[in-house]
Amino acid sequence: MARVFNFSAGPSALPEEVLKECAAEMLDCNGTGQSVMEMSHRSKAFEPIIQDAEAMVRKLMNVPANYKILFLQGGASTQFAMIPLNLGIKTGKAAYIKTGVWAKKAEAEAKKLGLEVTTLASSEDKNFTYIPRVEKVTGDYDYVHITFNNTIMGTHYEYIPDTGNIPLVADISSCILSEPLDVSKFGLLYAGAQKNLAPAGVTLVIIREDLITDTPRPGTPTMLTYKTHADEGSMFNTPPCYTIYVLGKVMHWIEKNGGAEGMKKRNYEKANLLYDYLDKSDFYHATAEKGSRSIMNVPFLTKYSTGAKDDASVAKEKEINDAFVKGATAAGLVNLKGHRLVGGMRASIYNAMTLDGVKALIKYMDKFAAENK
Ligand SMILES: Cc1ncc(COP(=O)(O)O)c(C=O)c1O
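Before going into details, it helps to say that this report is about the structure given with it. (Residues numbered from 1 in each chain as written. Predicted model: local features only at pLDDT ≥ 70, side-chain atom pairs only at ≥ 80, totals over all residues. Heavy atoms only, no water.)

Structural notes on the overall build of the protein
Helix and strand counts for the protein stand at nine helices and 14 strands. For the protein, whose C-alpha radius of gyration is 21 Å, the value lies close to the compact-globule estimate of 21 Å for 373 residues. In terms of overall dimensions, the protein has a C-alpha envelope of 60 × 55 × 35 Å along the principal axes. Here the protein holds 373 residues, and 56% of them are scored as buried. In the protein, 69% of the contacts between residues at least 6 apart in sequence involve partners at least 24 apart. (Helix = DSSP H or I, 4+ residues; strand = E, 2+ residues; numbered from the N terminus. Rg over C-alpha atoms; globule rule 2.2 N^0.38 Å. Buried < 20%, exposed > 50% of the residue type's maximum accessible area, 1.4 Å probe, protein only. Contact = heavy atoms within 4.5 Å.)

So, the site of the ligand
Taken together, G75, A76, S77, F80, W102, T147, N149, T151, D171, S173, Q194 and K195 make up all the residues around the ligand. A distance of 2.4 Å is found between an oxygen atom of the ligand and a side-chain nitrogen or oxygen belonging to T151. Summarising the interface, the protein chains cover 85% of the accessible area of the ligand, which totals 390 Å² for the free molecule. The leading source of residues in the shell around the ligand is helix α3 (residues 75–87), at four residues. Grouping the amino acids of the shell around the ligand by side-chain chemistry returns three nonpolar, seven polar and two charged. (Near = heavy atom within 4 Å. Polar contact = N/O pair within 3.5 Å; in protein donor to acceptor, adjacent residues only side chain to side chain. Areas by Shrake-Rupley, 256 points an atom, 1.4 Å probe, with all protein chains shown as cover. Nonpolar A, V, L, I, M, F, W, Y, C, P; charged D, E, K, R; others polar.)

Details of helix α7 (residues 259–280)
Taking 1.5 Å per residue as the helical rise, α7 with its 22 residues ought to reach 32 Å, and the 32 Å between its terminal C-alpha atoms agrees with that figure. Taken together, the buried positions of α7 are occupied by G259, A260, G262, M263, N267, K270, A271, L274, Y275, Y277 and L278. Summarising the contacts, the buried residues of α7 are in contact with α2 (47–60), α6 (241–256), β11 (284–286), β12 (297–302), β14 (345–348) and α9 (355–371). (Expected span 1.5 Å × (residues − 1).)

Considering the packing of α7 against α9
For the pair α7 and α9, interaxial distance at closest approach is 9 Å and the crossing angle is 10 degrees. Relative to α9, the element α7 is oriented roughly parallel. Of the residues in α9, those in contact with E269, K270, L273, L274, Y277 and L278 of α7 are L355, V358, K359, L361, I362, M365 and D366. In terms of residue class, the contact of α7 with α9 is made up of nine nonpolar, no polar and four charged. (Axes fitted to C-alpha atoms, helices over the stretch in contact; angles between N-to-C directions. Parallel < 35°, antiparallel > 145°, perpendicular 65-115°, else oblique.)

Side note on the nonpolar core
One finds I206, M251, L274, Y284 and F324 to be the most contacted residues of the largest nonpolar core, which totals 94 residues. Counting residues domain by domain, this core receives three or more from each of domain 1 (17–256) and domain 2 (259–371). Excluding residues within four positions of it along the chain, L274 makes contact with V298, A347, I349, V358, L361, I362 and M365. Listed in part, the 23 residues of the second largest apolar core include F80, A110, Y143 and L211. (Core = buried A, V, L, I, M, F, W, Y, C linked by side-chain atoms within 4.5 Å. Domains from an automatic or database assignment.)

A look at empty space enclosed by the protein
Enumeration according to the criterion identifies three cavities of 30 Å³ or more in this entry. Taken as a whole, the largest cavity spans an internal volume of roughly 60 Å³. For the largest cavity, the full set of lining residues is A13, L14, P15, K195, N196, L197, V250, W253, I254, Y350, N351 and A352. Counted by class, the lining of the largest cavity contains nine nonpolar, two polar and one charged residues. Shared between two domains, the lining of the largest cavity holds at least three residues of each, these being domain 1 (17–256) and domain 2 (259–371). Volume-wise, the second largest cavity comes out at about 40 Å³. A class-by-class count of the residues in the lining of the second largest cavity yields four nonpolar, four polar and no charged. (1 Å grid on protein atoms, 1.4 Å probe; cavity = no way out; pocket = protein on both sides within 12 Å on 5 of 7 lines; lining within 4 Å. Points joined across faces, edges and corners; volume = space filled by probe spheres on them.)

Description of the side chain of S12
Locating S12 in the fold gives a position in the loop between β1 (5–6) and α1 (16–24). Within polar-contact distance, the side chain of S12 engages the backbone nitrogen of G10 at 3.4 Å. In this structure S12 touches N6, Q194, K195 and Y350, once residues within four positions along its chain are discounted.

Shape is all these values report; function is a separate question.
Next comes the structure, spelled out in structure tokens:
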């Protein structure tokens, strides 16, 4: 079967070149006569693979020397706990900006672990369709947490809150390396790999060294202590070797395609094309407000999503959405069903999505709109 255009929010499409390289090296990687899946993580064969992946992240993200790069497990969701456990140790107070489902989950975990949590701002009043403006934060917080790109709601910060000396922590799971980011403005950055970096299985953490403590909150398990992993070069226990290997290859692919600046150009070209189409359409509309729109996740509704709750309107909306997704799948455009909290459709157009993919989507959308006026 021909390859499809995959608009999944995660796990997501990987660059085809990377998949081909992985396939070519499946039985014999670097002349070792083994697949990376079979290698000991402590072997001479694996050592350069993890070192290269780390060096490439450092290079592409321009990570300053006083930050450690960690390859962890447990997904971004485990970071929701590791952050309060390791950073919430001076005043036990933390501040969160609530911009969607993942931001809420991160905040809930800090509360669960006994921190005194302040919600600095929230966009829940409008179903998280925008990013609140919190330019400056003061207070005795141990850290301030933001979700830089909101995968479900399709919103993204177009500014970085100024938190002064308070460490700023950001979940960049769904926007890492989509455009340049000044790492030095953050105390800690984290991202699950399964959108822009690699298959699922590894979580990238970039942490300023002064935030790595050997006295996390009492009772913190060894595995949830950043210092454990920082001291052992992410080799305290068996790391997800194959995922790290693919991540390294994706980093080289990004470099070949112009690095973070190259990704920015590529991503804005795709996103602008899609948003321009949506903004001009009288059949579809984007749900995220201008000024807060993600260039990675684009949720959109049709004119049949009126908000009316009567049975006929709900049934018509479902019929149209189902028909859209079914027709798209038949046309080789997959995983476009919207998240249940937003409804409609969502096109996730991460780094690996091509401009041709977005053009094919718009062509299909146009045809569908004409047929369902
Ligand atoms: C912004 C964001 N944060 C956190 C998560 C949770 O990630 P994981 O499944 O790796 O725990 C997701 C998953 O989609 C996400 O989009």
